[in-house]
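Single-letter residue listing:
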Amino acid sequence: MRKTIVAGNWKMNASKESVNNLIGGLLSGMGGVATEVIVCAPFPYLSQVESLISGSSIMLGAQNLNANPKGAFTGEVSANMIKDFGAQHVIVGHSERRSLYGETSAVVAEKTKAALDADLTPLLCVGESLEERESGNTEAVVEKQINAVINLLGIDAFDGIIIAYEPVWAIGTGLTATPEQAQSVHLFIRNLLAGSNERIAQKTPILYGGSMNAGNAADLMSCSDIDGGLIGGAALKADDFLQICKAG
Ligand code: PGA
């Protein structure tokens with residue numbers, strides 16, 4: 001049985017005050033939440049979140065990392081630095097990193113490796129653009145993104161990876177994939193993994209992301225291959241995020 005996981009991706013939205021309020025709200029509403037809950041905070045707030053969630057079941061993640069372990073990389077943050085602040089997870093290959101910062105699937109695979117080498121669980125994001133979907137290339141795009149990781153690290157690496165399927169056209173747009181659309185890609189991903197290793201395919205969590213909210217979360221997460229969500233906008237409000245966690 002796979003666990004349901006709900007992860008919040010705060011993106012570049014936080015202040016000391018908003019973090020206090022958001023985590024305070026989450027902590028007071030965690031009773032009755034059976035899902036695994038992760039919050040992915042911007043780097044400067046990892047320490048604050050680490051202290052606030054201490055002793056709770058909420059887990060901490062970062063949103064990016066550098067693929068190198070240390071050295072002359074001004075402005076960058078390594079996997080071990082992230083771990084040093086109590087994070088267990090890190091998002092890799094988010095579509096905003098791919099499209100705005102030129103991260104290729106090869107770079108994403110290197111970052112996935114760096115995370116695993118430091119015992120962090122990567123939340124590996126994949127997903128197609130609207131143009132790619134409309135031209136019938138969704139599966140080919142997702143397959144290429146996942147194969148880049150399999151080719152570098154081997155299928156066994158997926159023992160420690162969480163996948164997030166995030167159609168780019170659904171991110172931050174209010175246009176959620178229908179449960180049928182999402183389930184179909186999730187099943188495709190699971191079958192792709194099964195082509196290399198059936199056991200790993202069955203145990204790998206595959207989260208959906210892209211305008212998931214309190215209103216649509218239950219329908220999406222009731223699909224057999226959707227194991228939770230990666231939540232952007234709706235993760236910034238404690239009540240909304242908790243409702244999504246409770247829907248899982
Ligand atoms: P959204 O973002 O929920 O605001 O669409 C999801 C994501 O980018 O991870």
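Not measured: the values here are computed from a predicted model.

Calculation rules
Residues numbered from 1 in each chain as written. Predicted model: local features only at pLDDT ≥ 70, side-chain atom pairs only at ≥ 80, totals over all residues. Heavy atoms only, no water. Helix = DSSP H or I, 4+ residues; strand = E, 2+ residues; numbered from the N terminus. Buried < 20%, exposed > 50% of the residue type's maximum accessible area, 1.4 Å probe, protein only. Contact = heavy atoms within 4.5 Å. Arc of directions from axis to C-beta. Near = heavy atom within 4 Å. Polar contact = N/O pair within 3.5 Å; in protein donor to acceptor, adjacent residues only side chain to side chain. Areas by Shrake-Rupley, 256 points an atom, 1.4 Å probe, with all protein chains shown as cover. Nonpolar A, V, L, I, M, F, W, Y, C, P; charged D, E, K, R; others polar. Salt bridge = Lys/Arg side-chain N within 4 Å of Asp/Glu carboxyl O.

Engineer: Please clarify how the side chain of Ser78 should be interpreted in this entry.
Structural biologist: Looking at where Ser78 falls in the secondary structure, it is placed in the loop between β3 (59-62) and α3 (79-84). The class for Ser78 is buried, based on a relative accessible area of 5%. Look past the residues within four positions of Ser78 in its chain and what remains in contact with it is Asn68 and Pro69.

Engineer: How do you make sense of helix α2 (residues 46-53) when you look at a structure like this?
Structural biologist: A turn of α-helix holds 3.6 residues, and therefore any two residues three or four places apart point the same way. Regarding α2, the residues found buried are Leu46, Gln48, Val49 and Ile53. Buried residues in α2, looked at end-on, bunch into an arc of 160 degrees, giving them a common side. Contacts from the buried residues of α2 go to α1 (16-28), β2 (36-40), β3 and α3. Phi for Gly55, located one or two positions after α2, is positive at around 85 degrees.

Engineer: Just to check I follow, could you spell out the site of the ligand for this structure?
Structural biologist: In the region of the ligand, 13 residues are neighbours, and Lys11, His94, Glu166, Gly172 and Ser211 sit closest. Glu166 is positioned such that a nitrogen or oxygen atom in its side chain is 2.6 Å from an oxygen atom of the ligand. At 2.8 Å, a backbone N or O of Gly232 approaches an oxygen atom of the ligand. Considering the ligand on its own, with 280 Å² of exposed area, one finds that the protein chains cover 95% of that surface. Its residues assigned to classes, the shell around the ligand comprises 4 nonpolar, 7 polar and 2 charged.

Engineer: Would you mind going over the pattern of salt bridges with me for this structure?
Structural biologist: Here the idea is simple: oppositely charged side chains can pair when their charged atoms come close. Under the defined criterion, the tally for this structure stands at 12 salt bridges. For Glu128, the salt bridge is made with Arg133, and the minimal N-O distance between the two is 2.8 Å. Residue Asp225 pairs with Arg190 through a salt bridge whose shortest N-O separation is 2.5 Å. With a gap of 35 residues between them, Asp225 in the loop between α10 (217-221) and β8 (228-231) and Arg190 in helix α8 (residues 179-194) connect regions that are remote in the sequence. Taking relative accessible area as the criterion, Asp225 reaches 8% and is therefore assigned buried.

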